[in-house]
Amino acid sequence: MTLAYPDCARARRGFALIDRRHVVIVDEIVPGRPLANVVWQMHMTATIEARGESVTLVQTAAGDPARLFMRIVEPEGRVFAATAATPSGPAGQNLNRGIAKVTIELGQVEAPLRLTVILSPDEAACASFDLAGIIARPVDEWSGALRP
Amino acid sequence: MEEEGCRTSRPSADLTASQWIHDQTETASAPLSRPLQRDPGGDAPATPLDIARLFVLRIQTLGIVWFSTDDARYRDRATKELLAVCAFPDWQGDEFLVTAETMFGAAIGYDWFFNALSDGERQAVASAILTKGVQPGLDEFAADTSPPHWTWPRQRTNWNLVCNSALMIAALSVAETDWAAAVQIFDLCRRSISLGFDQYRPDGGWAEGPGYWHYATQYAVYLVDSLKTALGDDLGLGDSAGFGNTGVFRPHAAGSSGKLFNFGDSDEEHSGGYWLFWLAKRYHHPVDAWIEREHGMVHPDRVHPMDLLWFDPDARPASADHLTTHHRFHGIDVAMLRGDWQHGATYLGIKGGANDTCRHAHYDLGSFVLDADGVRWAVDLGPDRYQLPNYFDPAARAVLSDEYARP
(Lines give C-alpha, C1' and ligand atoms only; values in the text may rest on other atoms or scores of the structure.)
Protein backbone atom coordinates (compact mmCIF):
# COMPACT_ATOMS: atom_id res chain seq x y z
CA MET A 1 0.00 0.00 0.00
CA THR A 2 3.09 2.24 -0.12
CA LEU A 3 1.70 3.91 -3.25
CA ALA A 4 -1.21 5.34 -1.28
CA TYR A 5 0.82 6.59 1.69
CA PRO A 6 3.55 8.94 0.47
CA ASP A 7 4.73 9.66 4.04
CA CYS A 8 5.60 6.00 4.48
CA ALA A 9 8.83 4.48 3.26
CA ARG A 10 6.87 1.27 3.14
CA ALA A 11 3.35 0.13 3.95
CA ARG A 12 2.30 -3.51 3.56
CA ARG A 13 -0.92 -5.29 4.47
CA GLY A 14 -1.18 -9.07 4.58
CA PHE A 15 -4.37 -11.10 4.88
CA ALA A 16 -4.43 -14.71 6.04
CA LEU A 17 -7.39 -17.08 6.19
CA ILE A 18 -6.59 -19.60 8.96
CA ASP A 19 -8.22 -23.02 9.10
CA ARG A 20 -10.76 -21.77 6.53
CA ARG A 21 -12.52 -19.71 9.22
CA HIS A 22 -10.38 -17.10 11.01
CA VAL A 23 -8.91 -13.97 9.43
CA VAL A 24 -5.64 -12.34 10.40
CA ILE A 25 -4.71 -8.93 9.04
CA VAL A 26 -1.13 -7.74 9.44
CA ASP A 27 -0.08 -4.15 8.72
CA GLU A 28 3.60 -3.26 8.48
CA ILE A 29 4.22 0.47 8.58
CA VAL A 30 7.68 1.93 8.01
CA PRO A 31 7.48 5.73 8.32
CA GLY A 32 9.42 7.85 5.86
CA ARG A 33 9.05 10.68 8.35
CA PRO A 34 7.16 10.88 11.66
CA LEU A 35 3.47 10.16 11.07
CA ALA A 36 1.22 12.44 13.14
CA ASN A 37 -1.50 9.87 13.70
CA VAL A 38 -2.24 6.44 12.26
CA VAL A 39 -5.75 4.98 12.56
CA TRP A 40 -6.82 1.47 11.58
CA GLN A 41 -10.50 1.36 10.73
CA MET A 42 -13.22 -0.95 9.49
CA HIS A 43 -16.76 0.07 8.50
CA MET A 44 -19.55 -2.05 9.96
CA THR A 45 -23.27 -2.17 10.57
CA ALA A 46 -22.85 -4.15 13.81
CA THR A 47 -22.97 -2.93 17.39
CA ILE A 48 -20.07 -3.34 19.79
CA GLU A 49 -20.58 -5.24 23.03
CA ALA A 50 -17.23 -4.80 24.75
CA ARG A 51 -14.21 -2.56 24.42
CA GLY A 52 -10.51 -2.92 25.02
CA GLU A 53 -7.93 -4.96 23.19
CA SER A 54 -10.71 -7.41 22.37
CA VAL A 55 -14.11 -6.54 21.03
CA THR A 56 -17.30 -8.34 20.11
CA LEU A 57 -19.44 -7.21 17.18
CA VAL A 58 -23.10 -8.23 17.23
CA GLN A 59 -25.74 -8.26 14.51
CA THR A 60 -29.28 -9.38 15.16
CA ALA A 61 -30.89 -8.64 11.80
CA ALA A 62 -31.42 -12.30 10.91
CA GLY A 63 -32.93 -13.94 13.99
CA ASP A 64 -30.43 -15.18 16.54
CA PRO A 65 -27.61 -12.73 17.22
CA ALA A 66 -24.47 -13.36 15.19
CA ARG A 67 -21.13 -12.45 16.70
CA LEU A 68 -17.69 -11.65 15.38
CA PHE A 69 -14.77 -11.50 17.78
CA MET A 70 -11.78 -9.26 17.17
CA ARG A 71 -8.53 -8.94 19.06
CA ILE A 72 -5.41 -6.84 18.69
CA VAL A 73 -2.59 -9.39 18.75
CA GLU A 74 0.18 -6.78 18.50
CA PRO A 75 1.32 -4.24 19.54
CA GLU A 76 0.37 -4.46 23.19
CA GLY A 77 -1.56 -1.72 24.90
CA ARG A 78 -3.78 -0.71 21.98
CA VAL A 79 -7.56 -0.73 22.21
CA PHE A 80 -10.53 -0.70 19.91
CA ALA A 81 -12.96 2.20 19.77
CA ALA A 82 -16.12 2.86 17.81
CA THR A 83 -16.93 6.11 16.02
CA ALA A 84 -19.59 7.37 13.68
CA ALA A 85 -19.02 7.06 9.94
CA THR A 86 -20.58 10.44 9.18
CA PRO A 87 -18.60 12.09 6.37
CA SER A 88 -16.92 15.40 7.11
CA GLY A 89 -16.64 16.72 3.58
CA PRO A 90 -18.95 18.42 1.09
CA ALA A 91 -22.65 18.61 1.88
CA GLY A 92 -24.99 16.25 0.16
CA GLN A 93 -23.03 13.06 0.75
CA ASN A 94 -24.63 9.92 2.06
CA LEU A 95 -24.61 10.28 5.85
CA ASN A 96 -23.93 6.55 6.31
CA ARG A 97 -26.72 6.10 8.82
CA GLY A 98 -26.56 2.70 10.49
CA ILE A 99 -22.85 2.40 9.74
CA ALA A 100 -20.08 2.90 12.29
CA LYS A 101 -16.33 2.47 12.31
CA VAL A 102 -14.40 0.22 14.62
CA THR A 103 -11.01 1.87 14.98
CA ILE A 104 -7.57 1.38 16.53
CA GLU A 105 -5.74 4.62 17.27
CA LEU A 106 -1.99 4.12 16.92
CA GLY A 107 -1.15 7.78 17.52
CA GLN A 108 2.17 9.18 16.37
CA VAL A 109 4.31 6.63 14.61
CA GLU A 110 8.01 7.35 14.23
CA ALA A 111 9.51 3.86 14.11
CA PRO A 112 8.56 0.76 12.11
CA LEU A 113 5.40 -0.73 13.53
CA ARG A 114 3.52 -3.95 13.02
CA LEU A 115 -0.21 -4.17 13.78
CA THR A 116 -1.91 -7.56 13.80
CA VAL A 117 -5.64 -8.08 14.24
CA ILE A 118 -7.54 -11.36 14.33
CA LEU A 119 -11.20 -11.51 13.36
CA SER A 120 -13.17 -14.71 13.91
CA PRO A 121 -16.70 -15.96 14.56
CA ASP A 122 -15.10 -18.35 17.09
CA GLU A 123 -14.51 -16.68 20.48
CA ALA A 124 -12.05 -19.27 21.78
CA ALA A 125 -9.94 -19.20 18.63
CA CYS A 126 -9.84 -15.42 18.71
CA ALA A 127 -8.74 -15.37 22.34
CA SER A 128 -6.08 -18.03 22.03
CA PHE A 129 -4.50 -17.11 18.69
CA ASP A 130 -0.74 -16.72 18.94
CA LEU A 131 1.49 -15.45 16.21
CA ALA A 132 3.38 -18.42 14.92
CA GLY A 133 4.84 -19.87 11.80
CA ILE A 134 4.58 -17.99 8.59
CA ILE A 135 2.28 -15.25 9.88
CA ALA A 136 4.80 -14.20 12.51
CA ARG A 137 7.29 -13.39 9.76
CA PRO A 138 7.34 -10.23 7.62
CA VAL A 139 4.55 -10.13 5.04
CA ASP A 140 7.11 -10.22 2.23
CA GLU A 141 8.21 -13.64 3.44
CA TRP A 142 4.73 -15.15 3.45
CA SER A 143 4.15 -17.92 1.01
CA GLY A 144 0.81 -18.78 -0.44
CA ALA A 145 -1.13 -19.00 -3.64
CA LEU A 146 -2.08 -15.33 -3.65
CA ARG A 147 1.16 -13.76 -2.55
CA PRO A 148 1.90 -10.82 -4.90
CA MET B 1 -29.74 -12.34 -31.36
CA GLU B 2 -31.80 -14.73 -33.35
CA GLU B 3 -35.21 -15.94 -32.34
CA GLU B 4 -34.47 -19.21 -34.10
CA GLY B 5 -32.25 -20.06 -31.16
CA CYS B 6 -35.28 -19.95 -28.93
CA ARG B 7 -37.55 -21.73 -31.37
CA THR B 8 -35.19 -24.62 -31.96
CA SER B 9 -34.07 -25.18 -28.41
CA ARG B 10 -37.07 -24.23 -26.38
CA PRO B 11 -36.16 -25.00 -22.82
CA SER B 12 -39.68 -26.03 -21.83
CA ALA B 13 -38.55 -29.56 -20.95
CA ASP B 14 -36.75 -28.11 -17.96
CA LEU B 15 -39.09 -27.58 -15.01
CA THR B 16 -37.47 -24.32 -13.98
CA ALA B 17 -37.65 -22.97 -17.49
CA SER B 18 -41.28 -24.07 -17.85
CA GLN B 19 -42.17 -22.09 -14.77
CA TRP B 20 -40.29 -19.08 -16.05
CA ILE B 21 -42.08 -19.24 -19.41
CA HIS B 22 -45.38 -19.32 -17.54
CA ASP B 23 -44.39 -16.30 -15.43
CA GLN B 24 -43.18 -14.31 -18.42
CA THR B 25 -46.38 -15.06 -20.29
CA GLU B 26 -48.38 -13.74 -17.35
CA THR B 27 -46.26 -10.60 -17.34
CA ALA B 28 -46.70 -10.13 -21.06
CA SER B 29 -50.45 -10.70 -20.74
CA ALA B 30 -50.97 -7.99 -18.13
CA PRO B 31 -53.22 -5.35 -19.59
CA LEU B 32 -51.19 -2.40 -20.78
CA SER B 33 -53.27 0.73 -21.09
CA ARG B 34 -51.27 2.27 -23.90
CA PRO B 35 -47.82 2.05 -25.45
CA LEU B 36 -44.94 3.84 -23.79
CA GLN B 37 -45.04 7.61 -23.73
CA ARG B 38 -42.06 9.93 -23.91
CA ASP B 39 -43.32 11.73 -20.80
CA PRO B 40 -45.64 9.34 -18.99
CA GLY B 41 -46.41 11.77 -16.12
CA GLY B 42 -47.98 10.27 -13.03
CA ASP B 43 -46.90 10.36 -9.42
CA ALA B 44 -43.57 8.64 -9.95
CA PRO B 45 -41.82 10.45 -12.77
CA ALA B 46 -39.63 8.18 -14.85
CA THR B 47 -36.26 9.34 -16.09
CA PRO B 48 -35.46 9.05 -19.81
CA LEU B 49 -33.18 6.11 -18.93
CA ASP B 50 -36.05 4.41 -17.05
CA ILE B 51 -38.24 4.75 -20.13
CA ALA B 52 -35.50 3.45 -22.42
CA ARG B 53 -35.03 0.38 -20.22
CA LEU B 54 -38.75 -0.24 -19.91
CA PHE B 55 -39.00 -0.12 -23.69
CA VAL B 56 -36.22 -2.68 -24.12
CA LEU B 57 -37.83 -4.90 -21.49
CA ARG B 58 -41.24 -4.75 -23.17
CA ILE B 59 -39.74 -5.63 -26.55
CA GLN B 60 -37.85 -8.55 -25.05
CA THR B 61 -40.76 -9.80 -22.92
CA LEU B 62 -43.35 -9.61 -25.68
CA GLY B 63 -40.96 -10.98 -28.27
CA ILE B 64 -39.82 -13.97 -26.28
CA VAL B 65 -43.33 -14.83 -25.13
CA TRP B 66 -44.38 -14.64 -28.77
CA PHE B 67 -41.50 -16.96 -29.76
CA SER B 68 -42.53 -19.34 -26.97
CA THR B 69 -46.28 -19.36 -27.55
CA ASP B 70 -46.73 -18.44 -31.24
CA ASP B 71 -49.55 -16.20 -30.04
CA ALA B 72 -49.65 -13.23 -32.44
CA ARG B 73 -51.19 -10.93 -29.84
CA TYR B 74 -47.81 -10.54 -28.16
CA ARG B 75 -46.12 -9.81 -31.48
CA ASP B 76 -48.74 -7.23 -32.38
CA ARG B 77 -48.45 -5.53 -29.02
CA ALA B 78 -44.66 -5.40 -29.44
CA THR B 79 -44.91 -3.70 -32.82
CA LYS B 80 -47.17 -1.07 -31.26
CA GLU B 81 -44.55 -0.40 -28.61
CA LEU B 82 -41.83 -0.25 -31.26
CA LEU B 83 -43.73 2.18 -33.47
CA ALA B 84 -44.68 4.37 -30.51
CA VAL B 85 -41.06 4.82 -29.43
CA CYS B 86 -39.92 5.37 -33.01
CA ALA B 87 -42.44 8.22 -33.15
CA PHE B 88 -40.81 10.01 -30.20
CA PRO B 89 -39.35 13.33 -31.42
CA ASP B 90 -35.89 12.14 -30.37
CA TRP B 91 -34.16 9.53 -28.17
CA GLN B 92 -32.10 11.97 -26.21
CA GLY B 93 -31.83 12.28 -22.47
CA ASP B 94 -29.38 13.69 -20.03
CA GLU B 95 -26.74 11.23 -21.27
CA PHE B 96 -26.02 9.20 -24.40
CA LEU B 97 -26.87 5.98 -22.59
CA VAL B 98 -30.54 6.91 -23.11
CA THR B 99 -29.99 7.06 -26.86
CA ALA B 100 -27.94 3.87 -26.83
CA GLU B 101 -30.39 1.76 -24.88
CA THR B 102 -33.43 3.04 -26.81
CA MET B 103 -31.62 2.35 -30.08
CA PHE B 104 -30.77 -1.17 -28.93
CA GLY B 105 -34.44 -1.87 -28.14
CA ALA B 106 -35.53 -0.51 -31.51
CA ALA B 107 -32.87 -2.51 -33.36
CA ILE B 108 -33.82 -5.86 -31.86
CA GLY B 109 -37.51 -5.01 -32.26
CA TYR B 110 -36.93 -4.22 -35.92
CA ASP B 111 -35.12 -7.52 -36.36
CA TRP B 112 -37.54 -9.71 -34.43
CA PHE B 113 -40.79 -8.22 -35.76
CA PHE B 114 -39.65 -7.29 -39.27
CA ASN B 115 -42.06 -9.68 -40.96
CA ALA B 116 -45.00 -8.25 -39.02
CA LEU B 117 -44.34 -4.67 -40.13
CA SER B 118 -45.76 -3.03 -43.26
CA ASP B 119 -43.37 -1.35 -45.70
CA GLY B 120 -44.28 2.04 -44.28
CA GLU B 121 -43.73 0.86 -40.73
CA ARG B 122 -40.35 -0.61 -41.66
CA GLN B 123 -39.38 2.69 -43.19
CA ALA B 124 -40.46 4.54 -40.04
CA VAL B 125 -38.47 2.25 -37.74
CA ALA B 126 -35.32 2.27 -39.87
CA SER B 127 -35.52 6.03 -40.25
CA ALA B 128 -35.86 6.46 -36.48
CA ILE B 129 -32.85 4.21 -35.81
CA LEU B 130 -30.78 6.17 -38.31
CA THR B 131 -31.79 9.71 -37.35
CA LYS B 132 -32.40 9.33 -33.60
CA GLY B 133 -29.70 6.75 -32.85
CA VAL B 134 -26.97 6.37 -35.46
CA GLN B 135 -26.63 10.08 -36.32
CA PRO B 136 -26.34 11.16 -32.66
CA GLY B 137 -23.75 8.39 -32.35
CA LEU B 138 -21.74 9.84 -35.22
CA ASP B 139 -22.04 13.23 -33.52
CA GLU B 140 -20.60 11.73 -30.31
CA PHE B 141 -17.54 10.49 -32.18
CA ALA B 142 -17.14 13.83 -33.97
CA ALA B 143 -17.25 15.72 -30.67
CA ASP B 144 -14.70 13.47 -28.98
CA THR B 145 -11.63 15.37 -30.09
CA SER B 146 -10.10 17.17 -27.16
CA PRO B 147 -8.01 15.60 -24.42
CA PRO B 148 -8.06 15.40 -21.47
CA HIS B 149 -11.84 15.27 -21.61
CA TRP B 150 -12.21 12.25 -23.83
CA THR B 151 -15.68 10.80 -23.70
CA TRP B 152 -16.87 7.21 -23.99
CA PRO B 153 -15.42 6.49 -27.47
CA ARG B 154 -11.94 6.79 -25.96
CA GLN B 155 -12.66 5.73 -22.39
CA ARG B 156 -12.01 2.32 -20.91
CA THR B 157 -15.35 2.14 -19.14
CA ASN B 158 -18.68 0.38 -19.09
CA TRP B 159 -20.01 3.22 -21.27
CA ASN B 160 -17.65 2.22 -24.05
CA LEU B 161 -19.10 -1.28 -24.26
CA VAL B 162 -22.73 -0.20 -23.82
CA CYS B 163 -22.70 2.63 -26.37
CA ASN B 164 -20.53 0.93 -28.99
CA SER B 165 -22.48 -2.33 -28.73
CA ALA B 166 -25.83 -0.58 -29.11
CA LEU B 167 -24.57 1.39 -32.12
CA MET B 168 -23.08 -1.67 -33.82
CA ILE B 169 -26.28 -3.67 -33.32
CA ALA B 170 -28.24 -0.71 -34.67
CA ALA B 171 -25.91 -0.54 -37.69
CA LEU B 172 -26.52 -4.23 -38.40
CA SER B 173 -30.27 -3.66 -38.28
CA VAL B 174 -30.34 -0.79 -40.82
CA ALA B 175 -27.49 -1.80 -43.13
CA GLU B 176 -29.90 -2.60 -45.93
CA THR B 177 -31.56 0.79 -45.60
CA ASP B 178 -28.49 3.03 -45.44
CA TRP B 179 -25.33 1.07 -46.09
CA ALA B 180 -23.02 4.09 -45.98
CA ALA B 181 -24.18 5.33 -42.57
CA ALA B 182 -24.19 1.81 -41.17
CA VAL B 183 -20.64 1.14 -42.32
CA GLN B 184 -19.42 4.51 -41.08
CA ILE B 185 -20.71 4.04 -37.54
CA PHE B 186 -19.85 0.35 -37.45
CA ASP B 187 -16.21 1.03 -38.35
CA LEU B 188 -15.86 3.83 -35.80
CA CYS B 189 -17.32 1.62 -33.08
CA ARG B 190 -15.25 -1.38 -34.11
CA ARG B 191 -12.08 0.60 -33.51
CA SER B 192 -13.34 2.17 -30.27
CA ILE B 193 -14.74 -0.94 -28.64
CA SER B 194 -11.37 -2.63 -28.37
CA LEU B 195 -10.75 -0.23 -25.46
CA GLY B 196 -13.80 -1.58 -23.67
CA PHE B 197 -12.89 -5.22 -24.27
CA ASP B 198 -9.33 -4.48 -23.15
CA GLN B 199 -10.71 -3.95 -19.67
CA TYR B 200 -11.22 -7.68 -19.27
CA ARG B 201 -7.47 -8.26 -19.74
CA PRO B 202 -5.77 -10.40 -18.73
CA ASP B 203 -8.02 -12.54 -16.55
CA GLY B 204 -11.58 -11.25 -16.64
CA GLY B 205 -11.72 -8.89 -13.65
CA TRP B 206 -13.49 -5.55 -13.97
CA ALA B 207 -11.95 -2.46 -12.35
CA GLU B 208 -15.25 -0.60 -11.97
CA GLY B 209 -16.59 -3.28 -9.63
CA PRO B 210 -19.19 -6.03 -10.02
CA GLY B 211 -22.11 -3.64 -10.64
CA TYR B 212 -20.58 -2.08 -13.72
CA TRP B 213 -19.20 -5.45 -14.73
CA HIS B 214 -22.83 -6.52 -15.05
CA TYR B 215 -23.81 -3.54 -17.17
CA ALA B 216 -20.78 -3.68 -19.45
CA THR B 217 -20.88 -7.46 -19.87
CA GLN B 218 -24.60 -7.45 -20.63
CA TYR B 219 -24.00 -5.27 -23.70
CA ALA B 220 -20.74 -7.00 -24.66
CA VAL B 221 -22.67 -10.26 -24.78
CA TYR B 222 -25.52 -8.71 -26.76
CA LEU B 223 -22.98 -7.57 -29.32
CA VAL B 224 -20.95 -10.77 -29.62
CA ASP B 225 -24.13 -12.81 -29.95
CA SER B 226 -25.61 -10.41 -32.51
CA LEU B 227 -22.47 -10.39 -34.64
CA LYS B 228 -22.39 -14.15 -34.64
CA THR B 229 -26.01 -14.51 -35.69
CA ALA B 230 -26.00 -11.63 -38.21
CA LEU B 231 -22.55 -12.07 -39.77
CA GLY B 232 -21.60 -15.58 -38.71
CA ASP B 233 -18.46 -14.06 -37.21
CA ASP B 234 -18.00 -12.12 -33.99
CA LEU B 235 -14.93 -10.31 -35.41
CA GLY B 236 -12.76 -11.91 -32.78
CA LEU B 237 -14.37 -9.96 -29.95
CA GLY B 238 -15.53 -13.11 -28.22
CA ASP B 239 -11.90 -14.20 -28.07
CA SER B 240 -10.72 -10.95 -26.49
CA ALA B 241 -8.20 -11.67 -23.75
CA GLY B 242 -9.98 -12.16 -20.45
CA PHE B 243 -13.51 -12.05 -21.85
CA GLY B 244 -13.81 -15.82 -22.01
CA ASN B 245 -12.78 -16.02 -18.35
CA THR B 246 -14.87 -13.16 -17.09
CA GLY B 247 -17.69 -15.41 -15.95
CA VAL B 248 -15.49 -16.48 -13.06
CA PHE B 249 -15.52 -12.90 -11.77
CA ARG B 250 -19.15 -13.23 -10.74
CA PRO B 251 -18.95 -16.17 -8.29
CA HIS B 252 -15.76 -14.86 -6.71
CA ALA B 253 -17.26 -11.37 -6.30
CA ALA B 254 -20.20 -12.84 -4.40
CA GLY B 255 -19.67 -13.08 -0.65
CA SER B 256 -20.95 -15.98 1.43
CA SER B 257 -23.45 -13.64 3.12
CA GLY B 258 -25.30 -13.27 -0.18
CA LYS B 259 -23.84 -9.80 -0.73
CA LEU B 260 -21.41 -8.71 -3.42
CA PHE B 261 -17.89 -7.47 -2.77
CA ASN B 262 -19.04 -4.03 -3.83
CA PHE B 263 -15.79 -2.22 -4.54
CA GLY B 264 -15.99 0.66 -7.00
CA ASP B 265 -19.40 2.24 -7.35
CA SER B 266 -21.23 -1.04 -6.81
CA ASP B 267 -24.10 -2.01 -4.54
CA GLU B 268 -24.04 -5.03 -2.26
CA GLU B 269 -27.20 -6.53 -3.67
CA HIS B 270 -26.93 -9.31 -6.20
CA SER B 271 -28.67 -8.70 -9.45
CA GLY B 272 -29.40 -11.49 -11.83
CA GLY B 273 -27.67 -11.67 -15.16
CA TYR B 274 -29.27 -13.61 -17.99
CA TRP B 275 -26.01 -13.22 -19.96
CA LEU B 276 -24.51 -15.60 -17.41
CA PHE B 277 -26.39 -18.37 -19.24
CA TRP B 278 -24.78 -17.17 -22.46
CA LEU B 279 -21.29 -17.09 -20.91
CA ALA B 280 -21.84 -20.54 -19.43
CA LYS B 281 -22.70 -22.01 -22.81
CA ARG B 282 -20.22 -20.10 -24.94
CA TYR B 283 -17.22 -20.70 -22.68
CA HIS B 284 -18.21 -24.02 -21.09
CA HIS B 285 -18.45 -22.56 -17.62
CA PRO B 286 -21.52 -24.16 -16.02
CA VAL B 287 -21.17 -22.38 -12.69
CA ASP B 288 -22.38 -19.20 -14.41
CA ALA B 289 -25.61 -20.95 -15.39
CA TRP B 290 -25.98 -22.23 -11.85
CA ILE B 291 -25.67 -18.72 -10.40
CA GLU B 292 -28.36 -17.34 -12.67
CA ARG B 293 -30.63 -20.32 -12.17
CA GLU B 294 -30.35 -20.06 -8.38
CA HIS B 295 -30.96 -16.33 -8.53
CA GLY B 296 -34.11 -16.87 -10.56
CA MET B 297 -35.38 -19.54 -8.19
CA VAL B 298 -34.85 -17.35 -5.13
CA HIS B 299 -36.19 -14.22 -6.85
CA PRO B 300 -38.78 -15.40 -9.41
CA ASP B 301 -39.97 -11.82 -9.82
CA ARG B 302 -36.57 -10.89 -11.20
CA VAL B 303 -36.42 -13.50 -13.95
CA HIS B 304 -35.80 -11.76 -17.26
CA PRO B 305 -37.20 -12.86 -20.62
CA MET B 306 -33.67 -13.23 -21.96
CA ASP B 307 -33.15 -15.92 -19.33
CA LEU B 308 -35.34 -18.06 -21.56
CA LEU B 309 -33.61 -17.20 -24.83
CA TRP B 310 -30.23 -18.18 -23.40
CA PHE B 311 -31.33 -20.73 -20.82
CA ASP B 312 -28.68 -23.37 -20.16
CA PRO B 313 -29.88 -26.46 -18.27
CA ASP B 314 -26.29 -27.61 -17.74
CA ALA B 315 -25.82 -25.77 -14.44
CA ARG B 316 -23.36 -26.91 -11.80
CA PRO B 317 -22.65 -25.25 -8.45
CA ALA B 318 -19.28 -23.71 -7.71
CA SER B 319 -18.42 -26.48 -5.26
CA ALA B 320 -18.92 -29.05 -7.99
CA ASP B 321 -17.27 -27.04 -10.72
CA HIS B 322 -13.78 -27.16 -9.31
CA LEU B 323 -13.67 -23.46 -8.59
CA THR B 324 -10.87 -22.63 -6.20
CA THR B 325 -11.72 -21.07 -2.85
CA HIS B 326 -9.15 -18.35 -3.46
CA HIS B 327 -8.63 -16.25 -6.54
CA ARG B 328 -6.66 -13.19 -7.49
CA PHE B 329 -7.60 -11.08 -10.51
CA HIS B 330 -4.23 -9.76 -11.55
CA GLY B 331 -5.45 -7.11 -13.98
CA ILE B 332 -7.31 -5.21 -11.26
CA ASP B 333 -5.36 -6.64 -8.30
CA VAL B 334 -8.41 -7.77 -6.39
CA ALA B 335 -8.37 -11.02 -4.41
CA MET B 336 -11.05 -13.15 -2.80
CA LEU B 337 -10.59 -15.87 -0.14
CA ARG B 338 -13.27 -18.13 1.30
CA GLY B 339 -13.37 -21.14 3.58
CA ASP B 340 -15.55 -23.08 1.20
CA TRP B 341 -18.49 -22.49 -1.18
CA GLN B 342 -21.23 -22.92 1.43
CA HIS B 343 -23.43 -20.10 2.67
CA GLY B 344 -21.99 -18.82 5.92
CA ALA B 345 -18.37 -19.63 5.17
CA THR B 346 -15.78 -17.01 6.03
CA TYR B 347 -15.21 -14.77 2.98
CA LEU B 348 -12.71 -11.97 2.37
CA GLY B 349 -12.78 -9.58 -0.56
CA ILE B 350 -9.55 -7.58 -0.79
CA LYS B 351 -8.91 -4.47 -2.88
CA GLY B 352 -5.28 -4.09 -3.90
CA GLY B 353 -3.77 -2.34 -6.88
CA ALA B 354 -3.88 1.43 -6.73
CA ASN B 355 -6.31 4.15 -5.76
CA ASP B 356 -8.61 5.86 -8.22
CA THR B 357 -7.71 3.70 -11.20
CA CYS B 358 -10.84 4.43 -13.21
CA ARG B 359 -13.98 6.53 -13.31
CA HIS B 360 -15.86 4.44 -10.76
CA ALA B 361 -12.88 3.53 -8.57
CA HIS B 362 -12.37 4.81 -5.04
CA TYR B 363 -9.55 5.65 -2.64
CA ASP B 364 -9.76 2.16 -1.27
CA LEU B 365 -6.36 0.54 -1.60
CA GLY B 366 -6.04 -2.14 1.09
CA SER B 367 -9.74 -2.10 2.00
CA PHE B 368 -11.71 -5.30 2.43
CA VAL B 369 -15.11 -6.83 3.07
CA LEU B 370 -15.56 -9.72 5.47
CA ASP B 371 -18.41 -12.23 5.74
CA ALA B 372 -18.78 -14.93 8.39
CA ASP B 373 -21.74 -17.01 9.55
CA GLY B 374 -23.90 -15.48 6.83
CA VAL B 375 -23.34 -11.90 7.99
CA ARG B 376 -21.39 -9.07 6.37
CA TRP B 377 -19.12 -7.71 9.08
CA ALA B 378 -16.74 -5.39 7.24
CA VAL B 379 -18.66 -3.32 4.71
CA ASP B 380 -17.69 -1.22 1.69
CA LEU B 381 -19.66 2.02 1.65
CA GLY B 382 -20.35 1.67 -2.06
CA PRO B 383 -21.31 4.58 -4.29
CA ASP B 384 -22.41 8.04 -3.29
CA ARG B 385 -24.49 10.49 -5.30
CA TYR B 386 -22.94 11.03 -8.71
CA GLN B 387 -24.16 14.64 -8.65
CA LEU B 388 -21.75 15.55 -5.83
CA PRO B 389 -19.23 18.22 -6.82
CA ASN B 390 -16.22 16.73 -8.62
CA TYR B 391 -17.29 13.16 -7.91
CA PHE B 392 -15.87 12.05 -11.25
CA ASP B 393 -13.01 14.57 -11.49
CA PRO B 394 -9.75 12.72 -10.71
CA ALA B 395 -7.75 15.88 -9.96
CA ALA B 396 -10.35 17.20 -7.56
CA ARG B 397 -10.86 13.78 -6.01
CA ALA B 398 -7.17 13.55 -5.17
CA VAL B 399 -7.60 16.68 -3.05
CA LEU B 400 -10.91 15.49 -1.66
CA SER B 401 -9.73 11.96 -1.03
CA ASP B 402 -10.59 12.17 2.66
CA GLU B 403 -14.13 13.17 1.86
CA TYR B 404 -14.78 10.78 -1.00
CA ALA B 405 -12.58 7.92 0.12
CA ARG B 406 -15.55 5.56 0.54
CA PRO B 407 -13.53 2.45 1.34
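Throughout, residues of each chain are indexed from 1 in the direction in which the sequence is written. Chain letters start at A and ligand numbers start at 1, both assigned in the order the entries are written. Selection of residues for local features in this predicted model requires a pLDDT of at least 70, selection of side-chain atom pairs for listing and counting requires 80 or more, and totals for whole chains, interfaces and linings are taken over all residues.

**Looking at the interface of chain A and chain B**
Contacts are defined on C-beta atoms placed from the backbone: any two residues whose C-beta positions lie within 7 Å are in contact. Counting residues at the interface gives 32 residues for chain A and 31 residues for chain B. Strands are runs of DSSP state E lasting at least two residues, helices are runs of H or I lasting at least four, and both sets are numbered from the N terminus onward. Sorting the residues of the side of chain A that touches chain B by element identifies strand 1 (8-18), strand 3 (35-44), strand 5 (54-59) and strand 6 (66-74) of chain A as the ones contributing at least two each.

**Structural notes on the sheet that holds strand 5 (residues 375-378) of chain B**
Residue and element names in this part refer to chain B. In space, the five strands of this open sheet follow the order 1-2-3-4-5, with antiparallel pairing throughout. Only two strands of the sheet have a single neighbouring strand rather than two, namely strand 1 (326-329) and strand 5. For this sheet the average axis-to-axis angle between neighbouring strands, irrespective of direction, equals 15°. The sheet contact formed by strand 2 (residues 334-338) and strand 3 (residues 347-351) spans five bridges and is antiparallel. Among the inter-strand pairings, Met336 is bridged to a residue of strand 3, identified as Gly349. Two strands qualify as a pair provided that DSSP identifies no fewer than 2 bridges between them. Lines fitted to the C-alpha atoms define the axes, with helices restricted to the stretch that makes contact. Angles between their N-to-C directions range from 0 to 180 degrees.

**A closer look at the packing of helix 2 (residues 15-29) of chain B against helix 3 (residues 48-69) of chain B**
Residues and elements named next belong to chain B. With their axes 9 Å apart at the nearest point, helix 2 and helix 3 run at an angle of 125° to one another. Taken together, the axis directions place helix 2 and helix 3 in an arrangement best described as oblique. Considering the relative orientation of helix 2 and helix 3, their crossing is left-handed. Here Ile21, Gln24, Thr25, Thr27 and Ala28 of helix 2 come into contact with helix 3, specifically with Thr61, Leu62, Ile64, Val65, Ser68 and Thr69. Following the grouping adopted for this structure description, the nonpolar residues are Ala, Val, Leu, Ile, Met, Phe, Trp, Tyr, Cys and Pro, the charged ones are Asp, Glu, Lys and Arg, and the polar ones are all others, Gly among them. When grouped by side-chain class, the residues that make up the contact of helix 2 with helix 3 number five nonpolar, six polar and no charged. Roughly parallel means an angle under 35 degrees; roughly antiparallel means over 145; roughly perpendicular covers 65 to 115; every other angle is labelled oblique. Here is the rule for handedness: rotate from the far helix to the near one, and if that takes an anticlockwise turn smaller than a right angle the crossing is left-handed, while a clockwise turn gives right-handed.

**Description of the packing of helix 3 of chain B against helix 4 (residues 72-86) of chain B**
Axis angle and axis distance: for two packed helices, these are the angle between their axes and the distance between the axes, and together they describe the pair. All names here are of chain B. Where helix 3 contacts helix 4, the axes come no closer than 8 Å and their chain directions differ by 155°. It follows that helix 3 is roughly antiparallel to helix 4 by the angle criterion. For the element pair helix 3 and helix 4, the recorded crossing hand is left-handed. Side by side, helix 3 and helix 4 meet where Phe55, Arg58, Ile59, Leu62, Gly63, Val65, Trp66 and Thr69 of the first sit next to Tyr74, Arg75, Arg77, Ala78, Glu81, Leu82 and Val85 of the second.

**Thoughts on unusual backbone geometry**
Cis geometry marks the peptide bond from A:Glu74 to A:Pro75; its omega dihedral reads -5°. Within the element layout of this structure, A:Pro75 appears in the loop between strand 6 and strand 7 (80-84). A positive phi angle, near 60°, is found at B:Leu235, a position not held by glycine. In this fold, B:Leu235 is placed in the loop between helix 9 (210-231) and helix 10 (249-253).

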